[in-house]
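Residue-level listing of the chains:
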Amino acid sequence: MTSLPSATLTVAAVQADPVPGDVAGNASSAARLVRRAVDSAARLVVLPELFLSAYHPPVLGADPAGTDVAAGPDALVADPRLDPVRAVARETGTVVVLSAAVRHPDQRRTISALVVDRAGTVRVGYDKQQLWSEERKLFTPGRRGATLTVDDWRFGLGICYDGCFPEHGRAAADDGAHGYLCPSGYVVGSAHRRDVYYAARALDNTMYVVFANSVDGVDPWRFNGGAAVYDPEGRCLVRGADTGEAVLVATLDPEQLARTRADHPMLADRLPDQGPERNRVTG
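Residues numbered from 1 in each chain as written. Predicted model: local features only at pLDDT ≥ 70, side-chain atom pairs only at ≥ 80, totals over all residues. Heavy atoms only, no water.

Peer 1: For this particular structure, what's the right way to read the overall build of the protein?
Peer 2: When you go through the protein residue by residue, the secondary structure sums to nine helices and 14 strands. Whereas a compact globule of 283 residues would reach a radius of gyration of roughly 19 Å, the protein reaches 18 Å, a difference of no more than 12%. Projecting the C-alpha coordinates of the protein onto the three principal axes gives extents of approximately 55 × 45 × 40 Å. Taken over 283 residues, the protein has a buried fraction of 52%. Put simply, 67% of the contacts in the protein that link residues at least 6 apart link residues at least 24 apart. In the form shown here, the protein has an accessible surface area of approximately 12,200 Å², with 51% of it arising from carbon and sulfur atoms. Within the protein, the 35 negative side-chain charges are centred at a point lying 2 Å from the centre of the 30 positive side-chain charges. (Helix = DSSP H or I, 4+ residues; strand = E, 2+ residues; numbered from the N terminus. Rg over C-alpha atoms; globule rule 2.2 N^0.38 Å. Buried < 20%, exposed > 50% of the residue type's maximum accessible area, 1.4 Å probe, protein only. Contact = heavy atoms within 4.5 Å. Areas by Shrake-Rupley, 256 points an atom, 1.4 Å probe, with all protein chains shown as cover. Lys, Arg positive; Asp, Glu negative; His and termini not counted. Charge placed at Lys NZ, Arg CZ, Asp CG, Glu CD.)

Peer 1: Sorry if this is basic, but what is going on with helix H1 (residues 23-39) here?
Peer 2: Residue pairs three or four apart in sequence face the same way in an α-helix, which turns once every 3.6 residues. Between its terminal C-alpha atoms H1 stretches 24 Å, which fits the 24 Å expected from 17 residues at 1.5 Å a residue. Three or more residues of H1 are buried, namely Val23, Asn26, Ala27, Ala30, Ala31, Leu33, Val34, Ala37 and Val38. Each element contacted by the buried residues of H1 is listed here: strand S1 (9-16), strand S2 (44-46), helix H3 (64-67), helix H4 (83-92), strand S4 (95-103) and strand S14 (246-252). Among the residues trailing H1, Ala41 stands out with phi positive, at a value near 80°. (Expected span 1.5 Å × (residues − 1).)

Peer 1: Explain the packing of helix H6 (residues 166-174) against helix H7 (residues 191-205) to me, please; I cannot follow it from the model alone.
Peer 2: A pair of packed helices is captured by two measures, namely the crossing angle of their axes and the spacing between those axes. The N-to-C vectors of H6 and H7 enclose an angle of 40°; their axes lie 10 Å apart at closest approach. In terms of their interaxial angle, H6 and H7 are classed as oblique. Crossing of H6 against H7: the hand is right-handed. Where H6 abuts H7, its residues Pro166, Gly169, Arg170 and Ala173 lie against Arg201, Asp204 and Asn205. The residue inventory of the contact of H6 with H7, partitioned by class, reads two nonpolar, two polar and three charged. (Axes fitted to C-alpha atoms, helices over the stretch in contact; angles between N-to-C directions. Parallel < 35°, antiparallel > 145°, perpendicular 65-115°, else oblique. Left-handed = near helix turned anticlockwise from the far one by under 90°. Nonpolar A, V, L, I, M, F, W, Y, C, P; charged D, E, K, R; others polar.)

Peer 1: Which parts of the structure should I look at to understand the pairing of strand S8 (residues 153-157)?
Peer 2: Here is the key point about a regular strand: its side chains alternate between the two faces of the sheet. Within S8, four of the five residues are buried, which leaves it mostly tucked inside the rest of the structure. The pairing of strand S7 (residues 147-150) with S8 spans four bridges and is antiparallel. Bridge pairing in S8 places Val150 opposite Trp153. The loop that links S7 with its antiparallel partner S8 comprises two residues; one of these, Asp151, has a positive phi angle of about 55°. The pairing of S8 with strand S9 (residues 179-184) spans three bridges and is parallel. Across the sheet, residue Gly156 finds its bridge partner in S9, namely Tyr180. Where the polypeptide runs from S8 across H6 and back to S9, its parallel neighbour, the crossover connection is right-handed. (Pairing = 2+ DSSP bridges. Right-handed = clockwise from strand over helix to strand, strands pointing away.)

Peer 1: Sorry, what's going on with the pattern of salt bridges here?
Peer 2: Pairs may arise between side chains of opposite charge once their charged atoms sit close together. Taken as a whole and assessed by the stated rule, the structure comprises 22 salt bridges. Residues Asp79 and Arg81 are paired through a salt bridge, measuring 2.7 Å at the closest nitrogen-oxygen approach. In this structure, Asp106 engages Arg108 in a salt bridge whose closest nitrogen and oxygen atoms are separated by 2.9 Å. A single network of salt bridges, built from pairs that share partners, joins Asp106, Arg108, Asp127 and Arg143. (Salt bridge = Lys/Arg side-chain N within 4 Å of Asp/Glu carboxyl O.)

Peer 1: How should the side chain of Thr10 be read in this particular structure?
Peer 2: Position of Thr10 among the secondary structure elements: in strand S1. A distance of 3.0 Å separates a polar atom in the side chain of Thr10 from a polar atom in the side chain of Thr251. Discounting residues that sit within four places of it in the chain, Thr10 has contacts with Ser40, Ala41, Ala42, Arg43, Leu44, Val249, Ala250 and Thr251. (Polar contact = N/O pair within 3.5 Å; in protein donor to acceptor, adjacent residues only side chain to side chain.)

Peer 1: Quick question: what am I supposed to make of the layout of surface pockets here?
Peer 2: Take a probe with the size of a water molecule and roll it over the atoms, and the empty space left behind shows itself. Roughly 330 Å³ of internal volume is contained in the largest pocket. His104, Arg108, Val124, Asp127 and Arg144 are the residues nearest the centre of the largest pocket, which is lined by 18 residues in total. Computed from the structure, the second largest pocket encloses a volume of approximately 220 Å³. (1 Å grid on protein atoms, 1.4 Å probe; cavity = no way out; pocket = protein on both sides within 12 Å on 5 of 7 lines; lining within 4 Å. Points joined across faces, edges and corners; volume = space filled by probe spheres on them.)

Peer 1: Please clarify how the state of the cysteines should be interpreted in this entry.
Peer 2: Covalent bonding between the sulfur atoms of two cysteines is what defines a disulfide. Tallied over the full model, the rule gives zero disulfides. The closest cysteine sulfur to the non-disulfide-bonded Cys182 is located on Cys160, 8.6 Å from its own sulfur. Its sulfur unpaired, Cys236 is 14 Å from the next cysteine sulfur, which belongs to Cys182. (Disulfide = S-S within 2.5 Å.)

Below, the structure is given as structure tokens:
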């Protein structure tokens, strides 16, 4: 495992209701929400899955040119519609994780996590690997995992359905992650799974989890909020209601991380494999 961070870091998980297809308007909303998080001392802000376009497959399918942002060959995103987010990141010294539909130079279309750094530069940080249901008709799965460093905190990047797979969070932990950032889009009716998966990823890997989610909207694309930050034992530090916009702020503490990993050393104790063969027992 990597060394622990040297200082606390305050983070924000956002739940909000973007407008389908309105990339410019949603970027302005993102900037407003980031400023709200900064007012509560956050220095890393995570917004929901596909926030720039809104998670609305009919619109994403009908208007790919209008809903996508283009990535350059170096993964930089120059789209001027994102200028409000660039400005707030630069002015406040805040890192923003903002999800979008991305068109790559090779014409792949992905659900991605954009990382807006403290200088206001926007890069594609991660492409969602585990596509859910009809996403497979619109997008290509990502090719590799990703780790984001903010100060000396290391965060695995995941998007929604990625977090349903223990292997995805474990791959982040194997790369030395202290936390796991998950922009998501859980619809009404999925609250039980929403609340179990991300607490489990935290406990499985003794790492913090920051879960952002869309909220409200119109059936069948009506989302259930519950944005949250989980501690390394899977306890919820803050959680939003199932309806209504919210910015949930919590402080990640390296001392708590150290205590948890000392008391629950699963990452250190786990076997390199579980054996090449299994015993077959009949009862």
